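Take a look at the letters that make up each chain.
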Amino acid sequence: SPTFTMTDTDTNALFRVSASSAVGSVTLEVDENGVGSNPQYLIQGQNVNRFKIDADGGDISFYADNGTTQGLLWDASTQRLGLGNAAPQKLLHLQESGGATARFQSTGVRVWDIGNDGTSFVIDDVTAGQERLRLDNSGNVFLGKTADSINNTLGISLNGAAGLIRIERNND
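Worth saying up front: this structure is predicted, and the values here are computed from it rather than measured.

Colleague: Sorry, what's going on with the pattern of salt bridges here?
Modeller: Any two side chains of opposite charge can pair, given that their charged atoms come close. Inspection of every chain in the model, using the stated rule, returns five salt bridges. Residue Arg-103 pairs with Asp-113 through a salt bridge whose shortest N-O separation is 2.7 Å. Residue Arg-103 is located in strand β10 (residues 101–105), and its partner Asp-113 is located in strand β11 (residues 111–116); the two are separated by ten residues in the primary sequence. The shortest N-O distance in the salt bridge between Arg-110 and Asp-125 comes to 2.7 Å. Linking Arg-110 in the loop between β10 and β11 with Asp-125 in strand β12 (residues 120–125), this pair joins segments that are 15 residues apart in sequence. In this structure Arg-110 comes out as partly exposed when scored by relative accessible area, which is 37%. Among the residues examined, Asp-125 registers a relative accessible area of 2% and is labelled buried. Where salt bridges share partners, they join Arg-110, Asp-125 and Arg-132 into one cluster.

Colleague: What should I look at first to understand the side chain of Asp-125 in this one?
Modeller: Of note is the side chain of Asp-125, whose polar atom sits 3.2 Å from the backbone nitrogen of Ala-128. If near-sequence neighbours (up to four positions away) are discounted, Asp-125 is found in contact with Arg-110, Val-111, Trp-112, Gln-130 and Arg-132.

Colleague: Teacher, can you tell me more about the pairing of strand β4 (residues 40–45) here?
Modeller: The side chains of a regular strand alternate between the sheet's two faces. Sheet topology places β4 next to strand β5 (residues 48–54); six bridges connect them, and they run antiparallel. Bridged to Leu-42 within β5 is Lys-52. In sequence, β4 turns back onto β5 through a hairpin of two residues, with Gln-46 there showing a positive phi of about 55°.

Colleague: Would you mind showing me how to read the pairing of β10 here?
Modeller: Relative to β11, β10 runs antiparallel, the two being bridged by five bridges. By the bridge assignment for β11, Thr-101 is matched with Gly-115. As consecutive antiparallel partners, β10 and β11 are separated by five residues, and within that stretch Gly-108 has a phi angle of approximately 75°, a positive value.

Colleague: Is there a simple way to explain the environment of Thr-78 in this structure?
Modeller: If you trace the backbone, Thr-78 turns up in the loop between β7 (70–75) and β8 (80–83). For Thr-78, a relative accessible area of 36% corresponds to the partly exposed category. Expressed as a C-alpha distance, the spacing of Thr-78 and Asp-59, which sit 19 residues apart in the sequence, is 9.7 Å.

Colleague: When you look at a nonpolar patch on the surface in this model, what are you seeing that I'm missing?
Modeller: On the surface, Val-26, Leu-28 and Ile-43 cluster together to form a nonpolar patch covering roughly 220 Å² of accessible area. With respect to the helices and strands, Val-26 occurs in strand β3 (residues 24–31).

Colleague: Can you walk me through the packing of aromatic side chains in this structure?
Modeller: Between two aromatic rings, the relevant description is the distance of the centres plus the angle of the planes. The tally for this structure, following the rule as stated, stands at one aromatic pair. Measuring from ring centre to ring centre gives 4.9 Å for Phe-51 and Phe-62, while their planes differ by 55°; the resulting arrangement is tilted. Of this pair, Phe-51 sits in strand β5 while Phe-62 sits in strand β6 (residues 60–63), and the two are eleven residues apart along the sequence. Among the residues examined, Phe-62 registers a relative accessible area of 40% and is labelled partly exposed.

Colleague: Please explain unusual backbone geometry as it appears in this structure.
Modeller: What you tend to see is this: most non-glycine residues have negative phi, and most peptide bonds are trans. A positive phi angle, close to 55°, is found at Gln-79, a residue other than glycine. Tracing the sequence through the fold places Gln-79 in the loop between β7 and β8. Residue classification places Gln-79 among the exposed positions, given a relative accessible area of 52%.

Cut-offs applied
- Residues numbered from 1 in each chain as written.
- Predicted model: local features only at pLDDT ≥ 70, side-chain atom pairs only at ≥ 80, totals over all residues.
- Heavy atoms only, no water.
- Salt bridge = Lys/Arg side-chain N within 4 Å of Asp/Glu carboxyl O.
- Helix = DSSP H or I, 4+ residues; strand = E, 2+ residues; numbered from the N terminus.
- Buried < 20%, exposed > 50% of the residue type's maximum accessible area, 1.4 Å probe, protein only.
- Polar contact = N/O pair within 3.5 Å; in protein donor to acceptor, adjacent residues only side chain to side chain.
- Contact = heavy atoms within 4.5 Å.
- Pairing = 2+ DSSP bridges.
- Patch = residues over 30% accessible without salt bridge, like charges linked within 9 Å, V, L, I, M, F, W, Y side chains within 5 Å.
- Areas by Shrake-Rupley, 256 points an atom, 1.4 Å probe, with all protein chains shown as cover.
- Phe/Tyr/Trp six-rings, centres within 6.5 Å; stacked < 30°, edge-to-face > 60°.

This is how it looks when you write it as structure tokens:
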């Protein structure tokens, strides 16, 4: 059966509540004065960090399943949110291996993905299953086409060292 342990052995502001059973444990730790490691409010499951609020700065962290990688961080001092990034550089900072994408969706309406695929900035019309814009790592812009498609679309790309602009249309 689950056990409940409450520990408060001194007058400091460290307070820890733990519940455990044969299948796992949950810990809530409130350490406002840094008696333990640092001032924080911490929730653990299976002895792995899940959620933490830094009592000094107000940063809020949600951890990945390993308990050490911050999957989401709210940096209170800069008022920035990092998803996959523990040091957000902009208001919203997305980081993911192979490229990060944000999805914009309104109930019953179009769905758009905007982000990078590791080599290009891309805007996808998910509802229509079509890529609408691509800016590749060479500076080429493709509207309604990818770098290798030849449908009735418009492609704008830089051509040669002189930086000439080529506009092409394929009527196939």
